[in-house]
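A structural walkthrough
Okay, here's what each chain looks like letter by letter:
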Amino acid sequence: QCDPNGDNNTFIGAASQFTSPPTFSVQRYDSVSQTTKAIGQFPHVEWAGWDSIFSFDFDNNALLAAFATIESGLPKGAKLYEMDLKTGSVSGPKAFDGNKPVQAIFASGKDQFTGTTVDADTNVVQLCQFDKSGSSVTVTNCNDAPGLHNFGLPYPVCNNKLYTLTQPVPHPGAPQGL
């Protein structure tokens, strides 16, 4: 992401170290001096291999992260962590209601945000509303969203709009809407 608190030469991003368990942090990169500066580090967490679990909320100076809860080798739930981008301090975890892992989140407000869940048994992706204002993260208004099945790759978001291709594809090579 472009760093709204830096100049045109700085970027901010979630980074991983493939330790055991993996270590995740937030780094600021200056492209002119080619240096990085650590903002903060998440505690050791379980990771389902999805890169789409991070969402920057620059309006609230935070990074949200929805790490999976792993049971018998499969993601079966999620926990929300929140990093303050000024201090690097991390709050959480706060469990998501239900037993579906959260595959992606899109910060969009102080306590409410949108994201996708994926059922580990049926592989069905749903677009849901989340609310983190209580003791757990509530999950509501879930609708099947096969066009958002991206296997954990970051979603194309531009100017706070989420883009996806129409699904299902009638046959290979068929045109798809945006």
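Above this text is the structure in question.
Below or above, wherever it landed, is the structure these notes cover. It should be emphasised that the depicted structure is a prediction, and the values quoted were computed from it without experimental measurement.

1. Let's talk about the sheet that holds strand E10 (residues 125-131)
Pairing within the open sheet is antiparallel, and its 4 strands lie in the order E8-E9-E10-E11. This sheet does not close on itself; its edge strands, each paired only once, are strand E8 (102-107) and strand E11 (138-144). Averaged over neighbouring strand pairs, the angle between their axes works out to 25 degrees when direction is ignored. Across 7 bridges, strand E9 (residues 112-118) lies against E10 in antiparallel orientation. In the sheet register, Phe113 faces E10, and the bridge partner there is Phe130.

2. Focus on the pairing of strand E7 (residues 90-95)
Alignment of strand E6 (residues 74-84) against E7, held across 4 bridges, turns out to be antiparallel. Residue pairing in the sheet places Leu80 in a bridge with Lys94 of E7. Connecting E6 to the antiparallel partner E7 that follows it, the hairpin turn spans 5 residues, and Gly88 within it adopts a positive phi of roughly 80 degrees.

3. Describing the state of the cysteines
On inspection of all chains with the given rule, the structure shows 1 disulfide. What pairs with Cys128 in a disulfide is Cys142, and their sulfur atoms sit 2.1 Å apart. Between Cys128 and Cys142, the disulfide has an S-S torsion of 120 degrees and is therefore right-handed. Of the two residues, Cys128 is situated in strand E10 and Cys142 in strand E11; the sequence distance between them amounts to 14 residues. Taking the relative accessible area as the measure of exposure, Cys142 reaches 29% and is therefore partly exposed.

4. Observations regarding the nonpolar core
Among the nonpolar cores identified, the biggest contains 20 residues, and Val26, Phe42, Phe54, Leu63 and Phe67 are the most heavily contacted of them. Those elements that provide at least two residues to this core are strand E2 (23-30), strand E4 (54-57), strand E5 (62-71) and E6. It is E5 that provides the largest number of residues to this core, a total of 3 residues. Among the nonpolar cores identified, the runner-up in size contains 11 residues, and Ala66, Ala78, Val102 and Val137 belong to it.

5. A look at the packing of aromatic side chains
In this structure the tally under the stated criterion is 10 aromatic pairs. With a centroid separation of 5.3 Å and an interplanar angle of 50 degrees, the aromatic rings of Phe24 and Phe67 are classed as tilted. Of the two residues, Phe24 is situated in strand E2 and Phe67 in strand E5; the sequence distance between them amounts to 43 residues. Residue classification places Phe24 among the buried residues on the basis of a relative accessible area of 3%. Judged by relative accessible area, Phe67 falls into the buried class, the value being 2%. Seen in terms of ring centroids, Phe42 and Phe54 are 6.3 Å apart; in terms of plane orientation they differ by 45 degrees. Their pairing is tilted. Pair noted here: Phe42 is in the loop between strand E3 (35-41) and E4 and Phe54 is in strand E4, with a separation of 12 residues, a long-range link. The pair Phe42 / Phe54 is uniform in exposure class, with both members buried.

Rules used in this analysis
Residues numbered from 1 in each chain as written. Predicted model: local features only at pLDDT ≥ 70, side-chain atom pairs only at ≥ 80, totals over all residues. Heavy atoms only, no water. Pairing = 2+ DSSP bridges. Helix = DSSP H or I, 4+ residues; strand = E, 2+ residues; numbered from the N terminus. Axes fitted to C-alpha atoms, helices over the stretch in contact; angles between N-to-C directions. Disulfide = S-S within 2.5 Å. Buried < 20%, exposed > 50% of the residue type's maximum accessible area, 1.4 Å probe, protein only. Core = buried A, V, L, I, M, F, W, Y, C linked by side-chain atoms within 4.5 Å. Phe/Tyr/Trp six-rings, centres within 6.5 Å; stacked < 30°, edge-to-face > 60°.

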